[in-house]
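Coordinates in review
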Amino acid sequence: MTKDVTAIQGDKVPMWNDPKARALAIQVAVVAILAVAGLVILRNTISNLSRMGQNFGFAFLTKTSGFDIFQALVPYSSESTYARALAVGLLNTALISSLCVVASTMLGFVVGVMRLSKNRLAARIGGIYVEFFRNVPLLLQIFVWYSLIVLQTLPPPRDAYDFLGLSYLSNRGFMVPRPLFGAGSSSGLIGLLVALAAAVMLRRWARRRLEETGRSFPTVAVSLALLALLPMVGLLLAGLPVRLDFPVKTTFNFSGGLVIAPEFIALFLALSIYHATYIAEAVRAGVSAVSRGQTEAAQALGLSPAQALSNVVVPQALRVIIPPLATIYMGVIKNSSLAVAIGYPDLVAVGGTVMNQTGRAIEIVLIWMLVYLSLSLTTSVFMNWFNARMKLVER
């Protein structure tokens, strides 16, 4: 009997019955399969390129583009390089994405609170808004805003809507004054940076003051005043080196000013309204997750419904709202690539033009993938950091 037990204890357990060894073997097998698949794809790519007489590389980026882009945040002309053109497209993508993130967040928060309102009319309007715009495909909404609203509803330049002679709205776009910065304009930027630093320090001071004395401080109002006044003070000290170039209405078009293209307007409206529906549902879920006793306790302390919402409910709801916001924001960035459908010069549209002219499909697709991957990862890292800052700390 002793010998049998010793023999059984001396037997080695088969590798497949060992969970750690089995998991390691599966991982090695998966990595090997992926490596083989990558090598096969790479070999086929090299073979196809050699058959077409092409080689892989990014030297084409230094060549002249030969096409214009109607919206460029940096100096650009048809004599610029392909790299410059792609940079313009990237900046346009970043611009429309950032503006839509801000607009959809504000609109979604309002609609989410409306859906929880005791006012039946407000709650019903919020529900209809969410159910309608969330269930209509985004691409279709872009087409509707662009063709039916912007191009068909807005008048031609001759009959453009006149806003006190300062701005004009027509089917050519929204004409607004263009700021022209002269020497010494950097003083305004310095003032803005100082205002941001002062706002951060003011917020920390106000929080300590509230914890020590129980008295609140109008942090938001004072911070906004600093952000508005300090840059202006810097510009005034530099002799106000900024002037405005106002648009001038001519017979068939406009001259001067800054043109906000109708493609930009349509894309901004479609992306903001569509993604606001998902943010509204995230806000509704976060507020609903807060115990009703928190609201009752705030009201018992004499807080108004608005004060209870902003000071008690929302801070606790953020821990539920923030995680899905990261996914929604990344969706805004990726869905901005649908701009190519209406001709807005984002990264995909400009990259498509470069691809058609150079035939460098693999290189352009790699640039697209790397750029959108970088933007998504940056958004994810920031939202994870923000979520860690806003989570409740147990004592």
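Source: prediction; values computed, not measured. (Residues numbered from 1 in each chain as written. Predicted model: local features only at pLDDT ≥ 70, side-chain atom pairs only at ≥ 80, totals over all residues. Heavy atoms only, no water.)

Here we look at a positive patch on the surface
On the surface, Arg203, Arg204, Arg207, Arg208 and Arg389 cluster together into a positively charged patch. Among the elements that line the positive patch, the one with the most residues is helix H6 (residues 186-213), at four residues. Along the chain, the position of Arg203 falls in helix H6. (Patch = residues over 30% accessible without salt bridge, like charges linked within 9 Å, V, L, I, M, F, W, Y side chains within 5 Å. Areas by Shrake-Rupley, 256 points an atom, 1.4 Å probe, with all protein chains shown as cover. Salt bridge = Lys/Arg side-chain N within 4 Å of Asp/Glu carboxyl O. Lys, Arg positive; Asp, Glu negative; His and termini not counted. Charge placed at Lys NZ, Arg CZ, Asp CG, Glu CD. Helix = DSSP H or I, 4+ residues; strand = E, 2+ residues; numbered from the N terminus.)

Thoughts on unusual backbone geometry
Most peptide bonds adopt trans geometry, and most residues besides glycine take a negative phi value. For Leu164, which is not glycine, the phi torsion reads 55° and is therefore positive. The topology assignment puts Leu164 in the loop between strand E1 (161-163) and strand E2 (167-170). Residue Leu164 is classed as exposed on the basis of its relative accessible area, which comes to 82%. (Buried < 20%, exposed > 50% of the residue type's maximum accessible area, 1.4 Å probe, protein only.)

Regarding the confidence of the model for the chain
Within the chain, residue pLDDT values average 85, and 95% of them lie at 70 or more. Confidence, expressed as mean pLDDT per element, reaches its minimum in the chain at helix H1 (residues 2-10) with 49 and its maximum at helix H3 (residues 82-115) with 93. The low-confidence segment residues 5-9, where pLDDT is below 50, has zero contacts with residues more than four positions distant or belonging to other chains. (pLDDT = per-residue confidence, 0-100. Contact = heavy atoms within 4.5 Å.)

Considerations on H6
Spanning 28 residues, H6 covers 40 Å between terminal C-alpha atoms, matching the ideal 40 Å at 1.5 Å per step. Turning to H6, its buried residues are Ser187, Gly188, Gly191, Ala195, Ala199, Leu202, Ala206 and Arg209. Buried positions along H6 lie against helix H7 (219-237). (Expected span 1.5 Å × (residues − 1).)

Thoughts on the side chain of Asn92
In this structure, Asn92 sits in helix H3. Contact partners of Asn92, with chain neighbours within four places excluded, come to Gln71, Leu73, Tyr344, Pro345 and Asp346.

A closer look at the nonpolar core
Nonpolar side chains tend to gather and get buried jointly when the protein is soluble and globular. Ile96, Tyr129, Leu267 and Leu325 are the most contacted members of the largest nonpolar core, which has 42 residues in total. Looking at this core, the elements with two or more residues in it are H3, helix H4 (120-135), helix H5 (138-153), helix H8 (262-289) and helix H10 (305-335). Per element, the largest residue contribution to this core is 13 residues, and it comes from H8. Dropping the residues within four chain positions of it, Leu325 is found in contact with Ile279 and Met383. Residues Tyr76, Leu86, Val371 and Tyr372 belong to the second largest nonpolar core, which totals 20 residues. (Core = buried A, V, L, I, M, F, W, Y, C linked by side-chain atoms within 4.5 Å.)

Considerations on the sheet that holds strand E8 (residues 258-260)
As summarised here, the arrangement of the four strands in space is E1-E2-E3-E8, forming an open sheet in which the pairing is antiparallel. Unpaired on one side and paired on the other, E1 and E8 mark the two borders of the sheet. For this sheet the average axis-to-axis angle between neighbouring strands, irrespective of direction, equals 15°. In this structure, E2 lies alongside strand E3 (residues 173-176), joined through three bridges in antiparallel fashion. (Pairing = 2+ DSSP bridges. Axes fitted to C-alpha atoms, helices over the stretch in contact; angles between N-to-C directions.)

Observations regarding the pattern of salt bridges
Taken as a whole and assessed by the stated rule, the structure comprises five salt bridges. For the salt bridge of Glu281 with Arg115, the shortest nitrogen-to-oxygen distance reads 2.6 Å. Remark: Arg115 occurs in helix H3 and Glu281 occurs in helix H8; sequence separation between them is 166 residues. Looking at Glu281, the relative accessible area reads 17%, which means it is buried. The partly exposed category is assigned to Arg115, whose relative accessible area is 23%. Arg134 is paired through a salt bridge with Glu281; the nearest N and O atoms lie 3.8 Å apart. Here Arg134, found in helix H4, pairs with Glu281, found in helix H8; they are 147 residues apart in sequence, far enough to count as distant. Among the ionic contacts, a cluster of salt bridges with common partners joins Arg115, Glu131, Arg134, Glu281 and Arg284.

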